[in-house]
Amino acid sequence: MRTALILPVLVLAAGALFLRSYTLPPAPDRRGGTTLLLTWPNRPAFGSPRADCLAGPPDEPVLPCLIASVARARDDGYTLLQLPFCATCYDLSGRIAVTGHDAAATRARLEQIARFGW
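Note that the structure is predicted; figures quoted are calculated from it, not measured.

Taken together, the side chains of Leu 17, Phe 18, Leu 19, Leu 38, Trp 40, Tyr 78, Leu 80, Leu 81 and Leu 83 make up a nonpolar region of the molecular surface, amounting to roughly 910 Å² of accessible area. In terms of residue count, strand β4 (residues 78-83) provides more of the nonpolar patch than any other element does, four residues in total. Relative to the helices and strands, Leu 19 resides in strand β1 (residues 19-24). For Leu 19, a relative accessible area of 34% corresponds to the partly exposed category.

Space inside the largest pocket adds up to approximately 190 Å³. As for the largest pocket, its lining consists of Tyr 22, Leu 24, Arg 30, Arg 31, Gly 32, Gly 33, Thr 35, Val 70, Arg 74, Gln 82, Leu 83 and Trp 118. Broken down by secondary-structure element, the contributors of at least two residues to the lining of the largest pocket are β1, β2 (33-38), α3 (63-76) and β4. A breakdown of the residues in the lining of the largest pocket according to their chemical character gives five nonpolar, four polar and three charged.

Let's shift gears to the nonpolar core. If you look at the biggest cluster of nonpolar residues, it comprises 13 residues, and the most contacted ones within it are Tyr 22, Cys 53, Leu 66, Ile 113 and Trp 118. Of all the secondary-structure elements, those providing two or more residues to this core are β1 and α3. Sort the elements by how many residues they give to this core and α3 lands first, with four residues.

Tallying each qualifying case throughout the model produces one disulfide. The side chain of Cys 53 participates in a disulfide bridge whose partner is Cys 65; the two sulfur atoms lie 2.1 Å from each other. With the S-S bond torsion at -100°, the cross-link from Cys 53 to Cys 65 turns out left-handed. One end of the pair, Cys 53, is in helix α2 (residues 49-53); the other, Cys 65, is in helix α3, with 12 residues separating them in the sequence. Across the pair, exposure class does not vary: Cys 53 and Cys 65 are buried alike.

Attention now goes to the environment of Pro 26. Tracing the chain through its elements places Pro 26 in the loop between β1 and β2. The spatial distance from the C-alpha of Pro 26 to the C-alpha of Pro 84 is 9.6 Å, given a sequence separation of 58 residues. Filtering out sequence-adjacent residues up to four positions away, Pro 26 remains in contact with Arg 31, Gly 32, Phe 85 and Gly 117.

Time to look at the pairing of β2. As paired elements, β1 and β2 share six bridges and run antiparallel to each other. What sits directly across from Arg 20, in β2, is Leu 37. Taken together, the five bridges between β2 and β4 define a ladder with antiparallel strand orientation. By the bridge assignment, Thr 34 is partnered in β4 with Leu 83.

With that settled, consider the environment of Leu 110. Within the secondary structure, Leu 110 sits in helix α5 (residues 103-114). In the structure, Leu 110 is positioned 57 residues away from Cys 53 in sequence and 9.2 Å away in space, judged by C-alpha atoms. Setting aside residues up to four positions removed in sequence, Leu 110 forms contacts with Arg 50, Leu 54 and Val 98.

What counts, and where the lines are drawn
- Residues numbered from 1 in each chain as written.
- Predicted model: local features only at pLDDT ≥ 70, side-chain atom pairs only at ≥ 80, totals over all residues.
- Heavy atoms only, no water.
- Patch = residues over 30% accessible without salt bridge, like charges linked within 9 Å, V, L, I, M, F, W, Y side chains within 5 Å.
- Areas by Shrake-Rupley, 256 points an atom, 1.4 Å probe, with all protein chains shown as cover.
- Salt bridge = Lys/Arg side-chain N within 4 Å of Asp/Glu carboxyl O.
- Helix = DSSP H or I, 4+ residues; strand = E, 2+ residues; numbered from the N terminus.
- Buried < 20%, exposed > 50% of the residue type's maximum accessible area, 1.4 Å probe, protein only.
- 1 Å grid on protein atoms, 1.4 Å probe; cavity = no way out; pocket = protein on both sides within 12 Å on 5 of 7 lines; lining within 4 Å.
- Points joined across faces, edges and corners; volume = space filled by probe spheres on them.
- Nonpolar A, V, L, I, M, F, W, Y, C, P; charged D, E, K, R; others polar.
- Core = buried A, V, L, I, M, F, W, Y, C linked by side-chain atoms within 4.5 Å.
- Disulfide = S-S within 2.5 Å.
- Contact = heavy atoms within 4.5 Å.
- Pairing = 2+ DSSP bridges.

Structural data, given as structure tokens:
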């Protein structure tokens, strides 16, 4: 009986390695929401378009980077589920995005990103 459960558990565990999500907040030009997708594990499990754009120079425009990050996430994976906006997911993705970055530079970049509703 236990050996019959091992194969489905292994398949689910392998699938979980490729499960990713990203969360966009609501803004005047979009509804926002959380998207679950299957893609290569090259991003955090709770991803954010903001994470890809934190390392750029402060004088570089941030909006094209944000749009390109979301487009890459959509193009690289297969969407499994669209959910309504999840504030907890958004906060978690924000905390993951700033991990390992300089606090002052990250704060300045996040303020710049926040002006666009991201």
